[in-house]
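Tertiary structure, described
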Amino acid sequence: MGEAPAGEEGTVTRSAEYVGSFLVDDRCLDDQMEQLHTQLKSLKTCKRRRPVSLKFSIKGVKMYNEDETTLLMAHALRRVSLSTARPTDAQFAFVSHNPGSSDAQLYCHVFKARHSRAAQFLNLLLCRCFQLCYLEKHPDEAQEDSVGSTPRRNPSLLNHGFPLSVSALVSFRRAPFQGLLPGTKKDQKSFDDLQSSQEEVFPTSSPSLVRKKAIRTKALRSGAYRSFTFTPLKQRCVQERLSASQGKDEAPARKSRTPSLAETEEALAQAVWRWAGIATDGSCSLLADDVLGSYLLCPHPKKPKCGSLIVRLPCGLITHLIESTSAGTLLLETHKTEFGSVAELIEHYTETLGELPCLLSCARVNHCYEWEEQSPD
């Protein structure tokens, strides 16, 4: 596919053919996915299609005519509940809520791509928009160097037989970040060495930059950059106060470093598969509320130098160690099928059940989705 051309800043435009839209029943997520796949299969031979241009960004999805002169459809990203694809039939689709509808109905919008890889790419673009939007709203869950333990979080009602409208009544707001400043290490051994202490407290190693940053944020008074001499307990208090005072300033900084959608197909796929930018703990928590067969690539919790494939199954999250053979190939632990790359492994288990309990899914849920009931007026 090569590079994804970016028009406006943060926007990627791709061509496709619009097949149509159909109503989606308000039911639990897994049942909803079965309905979607049944409907998509019935539409794979549909001949009535219209060439369109799709524009993706973390603000939403817009559909224009082929010449990009007329806006035909627009959906804010917070109104898009999920994205999916059927590569074998070159289909891409997403489900959205139309806020202008009196019954607050969900619709699935179906598109036909030129070939299977193009359909996959469209789906990856929208899935990545979901992830970047989540990072923007939850900068405290950004990726850190360390791999934490499996998070404890109550699962969503989506996967337990409740419709989306019921799930909307549940608040998913997270507690404010209570850890150390970005760039600090959890295992702080000593504060005696000046240079190492500077690296422990601030994400930059330049004292002049540290002082300028302190003055610029107005979070420290004059001379406070000398707090490297504080005791560990006092230093922790300073860090917590800095974390609280700089909460509003950190979000734009993270946003400026957010990866662009204008990446190669391979880079985009890796970003979606690894939930790039989101900490492993947060990714696992989100995965537990995603579609059946959704997955995450990350370092193995017990073997950080090895990779692992975490899959969401009806019984919960299952972790499979990705082993490297002496021949340089990859395979899942206790499985026999070998692959030349991670991409081949993912593609195989997306199309073939093999030793896994269920197929890997191309679909992803938008964890920033908002259901908003409309009044009759």
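None of these values were measured; they are calculated from a predicted model.

To continue, consider helix 8 (residues 265-273). Those residues of helix 8 not exposed but buried are Glu265, Leu268, Ala269, Ala271, Val272 and Trp273. Close packing links the buried residues of helix 8 with helix 2 (116-137), strand 8 (295-299) and helix 10 (342-351). The positive-phi residue at the C-terminal boundary of helix 8 is Trp275, with phi of around 50°.

So, on to the packing of aromatic side chains. Enumeration according to the criterion identifies six aromatic pairs in this entry. An angle of 45° between the planes, with centres 6.1 Å apart, marks the rings of Phe92 and Phe94 as tilted. Judged by relative accessible area, Phe92 falls into the buried class, the value being 0%. Every member of this aromatic cluster is reached through a ring pair, and the members are Tyr18, Phe56, Phe92, Phe94 and Phe111. Between the NZ or CZ atom of Arg364 and the centre of the ring of Tyr295, over which it lies, the distance is 4.6 Å.

If you walk through the whole model with that rule in mind, you get nine salt bridges. Across the pair Arg312 and Asp30 runs a salt bridge, and its minimum N-O distance is 3.0 Å. On the criterion of sequence distance, the pair formed by Arg312 in strand 9 (residues 307-313) and Asp30 in helix 1 (residues 29-43) is long-range, its members being 282 residues apart. The exposure class assigned to Arg312 is buried, which follows from its relative accessible area of 5%. Between Glu68 and Lys55 there is a salt bridge; the shortest N-O distance is 3.6 Å.

Phe56, Phe111, Leu126, Leu309 and Ile346 are the most contacted members of the largest nonpolar core, which has 60 residues in total. Sort the elements by how many residues they give to this core and helix 2 lands first, with 14 residues. Apart from the residues within four sequence positions on either side, Phe111 is in contact with Ala16, Glu17, Tyr18, Val19, Val52, Leu54, Met63, Met73, Ala90, Gln91, Phe92 and Phe94. In terms of nonpolar packing, the next biggest core, distinct from the first, is built from 18 residues, Val19, Phe22, Leu29 and Val110 among them.

Turning our eyes to something else, we now look at the sheet that holds strand 8. The strand order across the open sheet built from four strands is 8-9-10-11, with neighbouring strands paired in antiparallel fashion. Only two strands of the sheet have a single neighbouring strand rather than two, namely strand 8 and strand 11 (330-332). Across this sheet, the average inter-strand angle for adjacent strands is 30°, counted without regard to direction. Here three bridges tie strand 10 (residues 316-324) to strand 11, and the two strands are oriented antiparallel to one another. The residue of strand 11 that forms the bridge with Ser324 is Leu330.

Strand order in the open sheet formed by eight strands is 4-3-2-1-7-6-5-12, and the pairing between neighbours is antiparallel. What marks the edges here is a single partner per strand, and that holds for strand 4 (71-76) and strand 12 (364-365). Pairing of strand 1 (residues 12-24) with strand 2 (residues 50-57) involves seven bridges; the strand directions are antiparallel. Each bridged residue has a counterpart across the sheet, and for Ala16 the counterpart in strand 2 is Val52. Running over the sheet, helix 2 touches strand 1, strand 2, strand 3 (60-65), strand 5 (80-86), strand 6 (91-97) and strand 12 and is turned about 155° from strand 5.

Cut-offs used in this document
Residues numbered from 1 in each chain as written. Predicted model: local features only at pLDDT ≥ 70, side-chain atom pairs only at ≥ 80, totals over all residues. Heavy atoms only, no water. Buried < 20%, exposed > 50% of the residue type's maximum accessible area, 1.4 Å probe, protein only. Helix = DSSP H or I, 4+ residues; strand = E, 2+ residues; numbered from the N terminus. Contact = heavy atoms within 4.5 Å. Phe/Tyr/Trp six-rings, centres within 6.5 Å; stacked < 30°, edge-to-face > 60°. Lys NZ or Arg CZ within 6 Å of the ring centre and 35° of its normal. Salt bridge = Lys/Arg side-chain N within 4 Å of Asp/Glu carboxyl O. Core = buried A, V, L, I, M, F, W, Y, C linked by side-chain atoms within 4.5 Å. Pairing = 2+ DSSP bridges. Axes fitted to C-alpha atoms, helices over the stretch in contact; angles between N-to-C directions.

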